[in-house]
Amino acid sequence: MKPDDPLLQILACPLDKGPLHLVVPDGPDGPDGAEAAAEALYNPRLHRRYPIVDGIPQLLPASGEQVSDDEHEELLGRMAP
């Protein structure tokens, strides 16, 4: 997914119905394929990350994962402009 994808304008968090932000990979995945480096949609209000699998956002409430405060700060730095 690209930061200028028009789909990003209409996608919303399934929990609070607010906007989601694209989190771009910060480089290649780690040796164990670390999920933190993967592309995702992020809700900074609820500290929830939703994965993008094969270009398809996984936006079921159960697909989202709560992130720690440290990871929240990292994700804020990786959000696409």
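Quantities reported herein were computed from a predicted structural model and do not represent experimental measurements. (Residues numbered from 1 in each chain as written. Predicted model: local features only at pLDDT ≥ 70, side-chain atom pairs only at ≥ 80, totals over all residues. Heavy atoms only, no water.)

K.L.:
Could you give an account of helix H1 (residues 69-78), naming the residues involved and the relevant values?
P.N.:
What H1 keeps buried is the set Glu71, His72, Leu75 and Arg78. For H1, the buried positions fall inside an angular range of 125 degrees around the axis, keeping them on one side. Turned more than 90 degrees away from the buried face of H1 sit Asp69, Asp70, Glu73 and Gly77, all of them exposed. Elements in contact with the buried residues of H1: strand S1 (21-23), strand S2 (40-43) and strand S3 (48-53). (Buried < 20%, exposed > 50% of the residue type's maximum accessible area, 1.4 Å probe, protein only. Helix = DSSP H or I, 4+ residues; strand = E, 2+ residues; numbered from the N terminus. Arc of directions from axis to C-beta. Contact = heavy atoms within 4.5 Å.)

K.L.:
So, the nonpolar core: which residues are in play, and what are the values?
P.N.:
Grouped together as the largest cluster of nonpolar side chains are ten residues: Leu8, Leu11, Cys13, Leu20, Leu22, Leu41, Tyr50, Ile52, Leu59 and Ala80. In this structure Leu11 touches Met1, Pro19, Leu20, Leu41, Pro57 and Leu59, once residues within four positions along its chain are discounted. (Core = buried A, V, L, I, M, F, W, Y, C linked by side-chain atoms within 4.5 Å.)

K.L.:
An account of the confidence of the model for the chain is needed here, citing residue identities and associated values.
P.N.:
On average, residues of the chain carry a pLDDT of 87, and 86% of them reach 70 or more. Predicted confidence is poor over residues 30-36, with pLDDT under 50, and the contacts of this stretch with residues over four places away or in other chains come to six contacts. (pLDDT = per-residue confidence, 0-100.)

K.L.:
Before we move on, could you go through the side chain of His47 and cite the residues and values that matter?
P.N.:
Within the element layout of this structure, His47 appears in the loop between S2 and S3. Assessed through its relative accessible area of 18%, His47 is described here as buried. His47 has contacts with Tyr42, Glu65, Gln66, Val67, Asp69 and His72, leaving out every residue within four places of it along the chain.

K.L.:
Could you give an account of the pairing of S2, with specific residues and numbers?
P.N.:
In S2, alternate side chains face the same way, and those of Ala40 and Tyr42 on one face and Leu41 and Asn43 on the other are all buried. Inspection of the sheet shows S1 paired to S2 by three bridges, in the antiparallel sense. The residue of S2 that forms the bridge with His21 is Tyr42. The pairing of S2 with S3 spans four bridges and is antiparallel. Bridging from a neighbouring strand, Asn43 pairs with Arg48 of S3. The turn linking S2 back onto S3 is made up of four residues, and His47 within it adopts a positive phi angle of 55 degrees. (Pairing = 2+ DSSP bridges.)

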